[in-house]
Amino acid sequence: MEIPVIDLSRYLEIADQLGSEPVILSGQIEEFGSWLGELCKEVSQILRETGALVVKDPRCTAEDNDKFIDMMEKYFERPREFKLLQERSHLHYQVGVTPEGVEVPRSLVDEEMQKKLKAMPKEFQPSTPSGPDPKWRYMWRVGPRPSNTRFKELNSEPVIPEGFPEWKDTMDSWGCKMISTIEAVAEMAAIGFGLSKCAFTSLMKQGPHLLAPTGSDLSCHRQEGTVFAGYHYDLNFLTIHGRSRFPGLNIWLRNGQKIEVKVPSGCLLIQTGKQIEWLTAGECMAGMHEVVVTNRTIDAIKLASQRNRSLWRVSSTLFAHIASDAVLKPLGHFVESPLASKYPPMCSGEFVEQELAVINLKGNKGES
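Attention in this report is confined to the structure presented alongside it. Fair warning: this is a prediction, and the values are worked out from it, not measured in the lab.

Each value, and the rule that gives it
Residues numbered from 1 in each chain as written. Predicted model: local features only at pLDDT ≥ 70, side-chain atom pairs only at ≥ 80, totals over all residues. Heavy atoms only, no water. Helix = DSSP H or I, 4+ residues; strand = E, 2+ residues; numbered from the N terminus. Rg over C-alpha atoms; globule rule 2.2 N^0.38 Å. Contact = heavy atoms within 4.5 Å. Areas by Shrake-Rupley, 256 points an atom, 1.4 Å probe, with all protein chains shown as cover. Lys, Arg positive; Asp, Glu negative; His and termini not counted. Charge placed at Lys NZ, Arg CZ, Asp CG, Glu CD. Buried < 20%, exposed > 50% of the residue type's maximum accessible area, 1.4 Å probe, protein only. Polar contact = N/O pair within 3.5 Å; in protein donor to acceptor, adjacent residues only side chain to side chain. Expected span 1.5 Å × (residues − 1). Arc of directions from axis to C-beta. Phe/Tyr/Trp six-rings, centres within 6.5 Å; stacked < 30°, edge-to-face > 60°. Lys NZ or Arg CZ within 6 Å of the ring centre and 35° of its normal. Salt bridge = Lys/Arg side-chain N within 4 Å of Asp/Glu carboxyl O. Core = buried A, V, L, I, M, F, W, Y, C linked by side-chain atoms within 4.5 Å.

## Topic: the overall build of the chain
Working step 1: Within the chain, the regular secondary structure consists of 12 helices and 16 strands.
Working step 2: Whereas a compact globule of 368 residues would reach a radius of gyration of roughly 21 Å, the chain reaches 20 Å, a difference of no more than 12%.
Working step 3: Along the first, second and third principal axes, the C-alpha set of the chain runs to 60 × 50 × 45 Å.
Working step 4: Here the analysis covers contacts within the chain between residues at least 6 apart in sequence; of these, 81% occur between residues at least 24 apart.
Working step 5: Within the structure as shown, the chain displays about 16000 Å² of accessible surface, and the carbon and sulfur contribution to it stands at 50%.
Working step 6: In the chain, 42 side chains carry a positive charge and 48 a negative one; their mean positions are 3 Å apart.

Structure follows, in structure tokens:
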């Protein structure tokens, strides 16, 4: 199965003219033509059924993605000792670098999840990790911070490595562009779900959005079946990735089917996180996924070696969050869902801290 590509161009042309409330929107949808309502419903339907969406946004080009990946390859190729200077474990690794061997896949620690995995058909079961993920990650906060928040550690100052004068501009530029894409998709999904246009985006304002590229060293970890990111979901609202130079991402559809994701050049992949599941009372489930070395990864390694290119697999990942002090709860008509009681009101920052504690990212204060 191929995930269909949604071109955002037409929506972006008229987005600023749209009112927020569903009553006003319904009239405008008639005014602009049936394509608008159909497109928004398609976005919400794909997110509901697959937990993933491939989009083309004219504001985010393949050249932007390449510039970002080029810089991150140079960073991850630096010695371990250099990279550890950017480690901030006391801040839950929410800024700076997270070394390999720190992030623990949920499937290793969640007994309920393990039972579900064993019940899956053999061909849809995820790969079994042998321990913590052998990947590095760099967390860079994107967007304005709240002037007053209960969750200062989730809204910390960014860390800039020495020797990369282009770092801040490149990170901020690519991060802001991908947030703009997330905001457009969030508006379209809200309209498709019958909510106000700003139902999601109003809660994202001043959220602790994180540009969080990963680096996996394929010169060391190149055996087929090596698990770089064990089976897990993302705790945030929506996650967006640019196209990686090395394949290996598998996702699970809502029906349990496992598929390998192929992102066309110039496109972006969006995945649903736990916060959108909360806001829709489970109508949109957090998408499960993993990153594994496959035969296609090995083919890409051989080609990169022949062309003397970097063998670090970089993902240009951004985690878009609901603001830390905002309350997570089912929105609009989702309050009436029979599953709404599974999603009680909770401060977003508290939810994030609970999730981080489970996956071993609570730092070095005896909590990990």
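## A few points about the side chain of Gln271
Working step 1: Examined against the element boundaries, Gln271 turns out to sit in strand 11 (residues 268-272).
Working step 2: Gln271 gets classed as buried once you look at its relative accessible area, which sits at 1%.
Working step 3: Only 3.3 Å separates the side chain of Gln271 from the side chain of His289, close enough to count as a polar contact.

## With respect to the environment of Arg296
Working step 1: The residue Arg296 is located in helix 11 (residues 295-306) in this model.
Working step 2: Each C-alpha atom of the pair Arg296 and Phe246 lies 8.0 Å from the other, and the pair is 50 residues apart in sequence.
Working step 3: Those residues in contact with Arg296 that lie beyond four places of it in its chain are Pro247, Glu260, Val261 and Lys262.

## Some thoughts on the environment of Asn148
Working step 1: In this fold, Asn148 is placed in the loop between strand 4 (136-141) and helix 8 (167-192).
Working step 2: Using a relative accessible area of 66% as the deciding quantity, one classes Asn148 as exposed.
Working step 3: Between the alpha carbons of Asn148 and Arg243 there is a distance of 36 Å; along the sequence they are 95 residues apart.

## Description of helix 11
Working step 1: In this model, helix 11 (12 residues) spans 17 Å end to end at C-alpha, consistent with the 16 Å of a helix rising 1.5 Å per residue.
Working step 2: Among all positions in helix 11, only Thr297, Ala300, Ile301 and Ala304 are buried. Angularly, the buried residues of helix 11 cover 105° about the axis, an arc narrow enough to put them on a single face.
Working step 3: Tucked inside the fold, the buried residues of helix 11 contact strand 12 (288-292).

## What to know about the packing of aromatic side chains
The geometry of an aromatic ring pair comes down to the distance between the two centres and the angle between the two planes.
Working step 1: Applying the stated criterion across every chain, the model contains 13 aromatic pairs.
Working step 2: Seen in terms of ring centroids, Phe164 and Trp167 are 5.5 Å apart; in terms of plane orientation they differ by 75°. Their pairing is edge-to-face.
Working step 3: Accessibility expressed as a relative area gives 0% for Trp167, which makes it buried.
Working step 4: Ring-pair connections join several aromatic residues into one group, and the members of that group are Tyr75, Phe76, Phe82, Tyr138, Phe164, Trp167 and Trp312.
Working step 5: Here the basic side chain of Arg78 rests over the ring of Phe82, its NZ or CZ set 4.0 Å away from the ring centre.
Working step 6: Taking the ring centre of Trp136 as reference, the NZ or CZ of Lys83 above it sits at 4.3 Å.

## Describing the side chain of Glu187
Working step 1: Here Glu187 lies in helix 8.
Working step 2: Within the buried core, Glu187 has no salt-bridge partner, and the shortest N-O distance to an opposite charge, that of Lys197, equals 4.1 Å.
Working step 3: Each residue touching Glu187, except ones within four places of it in the same chain, is listed here: Tyr11, Ala15, Lys197 and Thr201.

## Topic: the nonpolar core
Working step 1: In this structure, Tyr11, Met72 and Phe200 are the most contacted members of the largest nonpolar core, which totals 101 residues.
Working step 2: Take this core: its biggest share by element is 13 residues, from helix 8.
Working step 3: Setting aside residues up to four positions removed in sequence, Phe200 forms contacts with Ala186, Ala189, Ala190, Phe193, Leu195, Phe237, Ile276, Leu279, Thr280, Ile322 and Leu331.
Working step 4: In this structure, Met113, Tyr231, Ala286 and Met288 belong to the second largest nonpolar core, which totals eight residues.

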